[in-house]
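Chain by chain, the residues run as shown.
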Amino acid sequence: MFNIHLAKVYGFCRGVQGVTEKADRLLAENPDRPVYSIGKLVHNDVVVDSFSRRGLKVVDAPDGNPPGIALIRAHGIPLSLARSFEEAGFTLVDGTCRLVKANHDRCASSTRPVLYFGIKGHAESVSTLSHAPGWYRVVETEEDLEGLDPQQEYDVIVQTTFSSVQEARLLSLLEEEGIRFNRLNSICSASNRRRQAVLDLCGICDTVLVIGERQSANTSELYRLACSRGVRAFFVGDESAIEDGMLSGHDVGVCAGASVSPHQVDRIIDVLVEKGGTLKA
Ligand code: SF4
């Protein structure tokens, strides 16, 4: 017997909700045309597989695919990739989150070298930096700050789902090194609220189940935060990943990254209740 505590804020953020609604609408309105998502719609295979069963095909490039409607995912895509789809005759529908777009605009209008605090190779990093008009560097770790020019002033742009702990650390290192910078944004409020909700869970739980996938920056940060507070933390992609050994504690917290659907969370709560848990208000 154990208690189940659901995080106060969890699952789909507005950006992900928006792009999934667009995908729903495109599939319903275009039964006779191919509908694609350029790259995985979100970093969550449960959601991606459910759309794929309904006909949304994931493609990385236009080559080899008959032209149709191509939905740009919430993380955005590089400018050159968007152009290549347009040139191949696809109709693009933009599902980029407005907060990611705001970073695209910051990057495009920057007049200084850009230090981009983000994950190297992450879809959002790649899409954002395709808008940079000049010099930029992705800064993921302290080592990436080496060799900066103390005479230069930099613009700092932060990936919306970056670790806030790492963001603070990198900013304080820049200050210590006397590097001048303008910080143009911080992580998005949806990420912040989900992280605070996990920290709240850690105050009352011995175990935290993090619904979502490791490849999601948002979800990984929830896991990392739970581990940093000394609770037992487990990733669970879907209900099949729940093992009895995860439920040996007395208070089990459940949280979910911004790419996790409410349906996915409901199914996991149902399984936890079947296994003897009591959902606390
Ligand atoms: S996590 Fe934030 S930036 Fe990313 S899609 Fe959601 S709301 Fe937009």
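Anything mentioned here points back to the structure above.
First, a word on scope: everything that follows refers to the structure included in this document. Remember, predicted model here, so these are calculated numbers, not experimental data. (Residues numbered from 1 in each chain as written. Predicted model: local features only at pLDDT ≥ 70, side-chain atom pairs only at ≥ 80, totals over all residues. Heavy atoms only, no water.)

Around the ligand sit Cys13, Gly15, Cys97, Leu99, Val100, Thr160, Thr161, Cys188, Ala190, Ser191 and Asn218, and those are all the residues in its vicinity. Among the elements of the structure, helix H4 (98-109) and helix H7 (189-202) are those that each provide at least two residues to the shell around the ligand. Along the lines of polarity and charge, the residues of the shell around the ligand split into six nonpolar, five polar and no charged. For the shell around the ligand, the domains that each give at least three residues are domain 1 (2-12 + 189-279) and domain 3 (99-183). (Near = heavy atom within 4 Å. Helix = DSSP H or I, 4+ residues; strand = E, 2+ residues; numbered from the N terminus. Nonpolar A, V, L, I, M, F, W, Y, C, P; charged D, E, K, R; others polar. Domains from an automatic or database assignment.)

A word on helix H2 (residues 45-53). Burial in H2 covers these residues: Val47, Val48 and Phe51. Angularly, the buried residues of H2 cover 100° about the axis, an arc narrow enough to put them on a single face. Among the structural elements, helix H1 (14-29), strand S3 (56-59) and helix H9 (262-274) are those in contact with the buried residues of H2. Its side-chain oxygen 3.0 Å from the backbone nitrogen of valine 46, asparagine 44 forms the N-cap of H2. Of the residues trailing H2, glycine 55 is marked for its positive phi of about 115°. (Buried < 20%, exposed > 50% of the residue type's maximum accessible area, 1.4 Å probe, protein only. Arc of directions from axis to C-beta. Contact = heavy atoms within 4.5 Å. Polar contact = N/O pair within 3.5 Å; in protein donor to acceptor, adjacent residues only side chain to side chain.)

It is the contact of H7 with helix H8 (residues 217-228), at a shortest axis distance of 9 Å, that shows an interaxial angle of 25°. One element, H7, and the other, H8, form an angle in the roughly parallel class. Pair H7 / H8 crosses with right-handed handedness. Here H7 contributes Ser191, Arg194, Arg195, Val198, Leu199 and Cys202 to the contact with H8, which in turn contributes Asn218, Glu221, Leu222, Leu225 and Ala226. Each residue belonging to the contact of H7 with H8 can be placed in one class, and the counts come to six nonpolar, two polar and three charged. (Axes fitted to C-alpha atoms, helices over the stretch in contact; angles between N-to-C directions. Parallel < 35°, antiparallel > 145°, perpendicular 65-115°, else oblique. Left-handed = near helix turned anticlockwise from the far one by under 90°.)

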